[in-house]
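# Inside the fold
Given next are the chains, with one letter for each unit.
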Amino acid sequence: MSNLFMDALRVQAGKVFTAFFTWGLGMVLMAGYSLLALWLKNTFNVYVMLIGSLAFLTLAYFIIDLWWSYNHLKQLKRVKGL
């Protein structure tokens, strides 16, 4: 097989791996969010559950935004040759 084909295959395999990894991470985060909300409701009350759930979502979206920004910046540097 040609080197061009193998390079394209590696790139596509990396994309598939990233997709499955992020999907699995999303499933784990959703399960963790559900368990946290259930635990907070059963241990404390509805108001603490709401505050804890909002804090969890805020932290998760903050981390996701940092990860996306890092990858976006890394690709911009690669394209511009910086």
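For the structure itself, consult the block above.
What counts and how
- Residues numbered from 1 in each chain as written.
- Predicted model: local features only at pLDDT ≥ 70, side-chain atom pairs only at ≥ 80, totals over all residues.
- Heavy atoms only, no water.
- Salt bridge = Lys/Arg side-chain N within 4 Å of Asp/Glu carboxyl O.
- Helix = DSSP H or I, 4+ residues; strand = E, 2+ residues; numbered from the N terminus.
- Buried < 20%, exposed > 50% of the residue type's maximum accessible area, 1.4 Å probe, protein only.
- Contact = heavy atoms within 4.5 Å.
- Expected span 1.5 Å × (residues − 1).
- Polar contact = N/O pair within 3.5 Å; in protein donor to acceptor, adjacent residues only side chain to side chain.
- Phe/Tyr/Trp six-rings, centres within 6.5 Å; stacked < 30°, edge-to-face > 60°.

## Side note on the pattern of salt bridges
Following the criterion strictly, the structure yields 1 salt bridge and no others. The shortest N-O distance in the salt bridge between Asp-7 and Arg-10 comes to 2.9 Å. Linking Asp-7 with Arg-10, this pair stays in helix 1 (residues 3-43), spanning 3 residues, or about one helical turn. Overall, Asp-7 belongs to the partly exposed group, its relative accessible area being 42%.

## A short note on the side chain of Ser-53
Locating Ser-53 in the fold gives a position in helix 2 (residues 46-80). We classify Ser-53 as buried; its relative accessible area is 7%. Setting aside anything within four residues of it in sequence, one finds Ser-53 in contact with Tyr-33, Ala-37 and Leu-40.

## What about the environment of Val-16?
With respect to the helices and strands, Val-16 occurs in helix 1. On a C-alpha basis, the gap between Val-16 and Leu-54 in space is 31 Å, while along the polypeptide they are 38 residues apart.

## Structural notes on the environment of Asn-42
Residue placement: Asn-42 occurs in helix 1. With 33 residues separating them along the chain, Asn-42 and Leu-9 place their C-alpha atoms 49 Å apart.

## Description of helix 2
Across its 35 residues, helix 2 extends 50 Å between first and last C-alpha, which sits within 8% of the 51 Å expected from 1.5 Å per residue. Burial in helix 2 covers these residues: Met-49, Gly-52, Ser-53 and Ala-60. Lining the buried residues of helix 2 we find helix 1. The N-cap residue of helix 2 is Asn-45: its side-chain oxygen and the backbone nitrogen of Tyr-47 are 3.2 Å apart.

## Here's the deal with the packing of aromatic side chains
Summed over the entire model, instances satisfying the criterion amount to 3 aromatic pairs. Summarising the aromatic geometry, the rings of Phe-17 and Phe-21 are spaced 6.3 Å apart at their centres and angled 20 degrees between planes, so their arrangement reads as stacked. Residue Phe-17 and its partner Phe-21 are located together in helix 1, separated by 4 residues, close to a single helical turn. Both residues of the pair, Phe-17 and Phe-21, count as exposed. Plain terms: the ring middles of Tyr-33 and Phe-56 are 5.6 Å apart, the flat faces sit at 35 degrees to each other, and that makes the pair tilted. With Tyr-33 in helix 1 and Phe-56 in helix 2, the pair connects residues that are 23 residues apart, well separated along the chain.

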